[in-house]
Amino acid sequence: RSGVYEPRASVRTVANAMDVGAPSNFERIRALYDDDIDRMRQDVTGAAFTDSRVVEEIGDVYRRHGYLLDPHGAIAWLGLQPLLEADANATGVFLATAHPAKFREVVEPAIGEPVALPSALAAALARPRHSVPLPASYSALVALVRR
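Residues numbered from 1 in each chain as written. Predicted model: local features only at pLDDT ≥ 70, side-chain atom pairs only at ≥ 80, totals over all residues. Heavy atoms only, no water.

A. Just the overall build of the chain, in detail. Counting its secondary structure elements, the chain contains 7 helices and 0 strands. The principal-axis extents of the C-alpha atoms in the chain amount to approximately 60 × 45 × 25 Å. The proportion of buried residues among the 147 residues of the chain is 22%. For the chain, contacts bridging at least 24 residues in sequence account for 43% of all contacts bridging at least 6. Surface exposure of the chain reaches about 10900 Å², of which carbon and sulfur atoms provide 55%. Here the chain contributes 16 positive and 18 negative side-chain charges, whose respective centroids are spaced 10 Å apart. (Helix = DSSP H or I, 4+ residues; strand = E, 2+ residues; numbered from the N terminus. Buried < 20%, exposed > 50% of the residue type's maximum accessible area, 1.4 Å probe, protein only. Contact = heavy atoms within 4.5 Å. Areas by Shrake-Rupley, 256 points an atom, 1.4 Å probe, with all protein chains shown as cover. Lys, Arg positive; Asp, Glu negative; His and termini not counted. Charge placed at Lys NZ, Arg CZ, Asp CG, Glu CD.)

As structure tokens, this is what we get:
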């Protein structure tokens, strides 16, 4: 609103991709618009919703349309609605970032039933986890990748 970008600490929400207080994607957007806030405002709008509103909408959309939203998709859906309501001839598209099963702790209470894991996700979760302790240095990363 002010035109001044002030990064802040992240805040935990039901949509973890929205928690970021200093999103790297914002720097990309600024670069695309040559830091021209007026040009950016012509194409980019924002919206904010409480966790309870997001969870409520996941349940409402599931009951009304039979479509299962993840928390990020629910935010996109909610952000799109006022634009569609403002223009009866408008068509909108919203995008989701992940399968709702990734957010079962949020989605299942919202819809009142379990969410099945897709077979590919179930297989991935069943595989053993591998991790390698790594010092915070570029040379350590290069050495690991070259192994």
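Having put the structure on the table, let's press on.
B. View of unusual backbone geometry. One non-glycine residue, Asp34, lies in positive phi territory at about 50°. By the element assignment, Asp34 lies in the loop between α1 (24-32) and α2 (37-43). Within the chain, Asp35 stands out as a residue other than glycine whose phi angle is a positive 60°. Relative to the helices and strands, Asp35 resides in the loop between α1 and α2.

C. Structural detail: the layout of surface pockets. One number sums up the size of the largest pocket: a volume of about 2100 Å³. Lining the largest pocket are 44 residues, with Phe26, Val44, Thr45, Gly46 and Ala47 positioned closest to its centre. Those elements that place two or more of their residues in the lining of the largest pocket are α1, α2, α3 (51-65) and α4 (71-86). (1 Å grid on protein atoms, 1.4 Å probe; cavity = no way out; pocket = protein on both sides within 12 Å on 5 of 7 lines; lining within 4 Å. Points joined across faces, edges and corners; volume = space filled by probe spheres on them.)

D. Region of the structure containing the nonpolar core. Val54, Ile58, Leu69 and Val107 are the most contacted members of the largest nonpolar core, which has 17 residues in total. For this core, the elements supplying multiple residues, two or more each, are α3, α4 and α5 (104-111). When sequence neighbours within four positions are dropped, the list of residues in contact with Ile58 reads Leu69, Asp70, Pro71, Ala74, Val106, Val107, Ala110 and Ile111. (Core = buried A, V, L, I, M, F, W, Y, C linked by side-chain atoms within 4.5 Å.)

E. Spotlight on the environment of Pro71. With respect to the element layout, Pro71 can be found in helix α4. In this structure, the C-alpha to C-alpha distance between Pro71 and Lys102, residues 31 residues apart in sequence, is 9.8 Å. Not counting chain neighbours up to four residues away, the residues in contact with Pro71 comprise Val14, Ala15, Val54, Ile58, Phe103, Val106 and Val107.

F. Summary view of the packing of α3 against α4. Their axes nearest at 9 Å, the elements α3 and α4 cross at an angle of 85°. Our classification of the angle between α3 and α4 gives roughly perpendicular. Residues Arg53, Val54, Glu57, Ile58, Val61, Arg64 and His65 of α3 lie in contact with α4, whose contacting residues are Pro71, Ala74, Ile75, Trp77 and Leu78. The residue makeup of the contact of α3 with α4, split by class, is 8 nonpolar, 1 polar and 3 charged. (Axes fitted to C-alpha atoms, helices over the stretch in contact; angles between N-to-C directions. Parallel < 35°, antiparallel > 145°, perpendicular 65-115°, else oblique. Nonpolar A, V, L, I, M, F, W, Y, C, P; charged D, E, K, R; others polar.)

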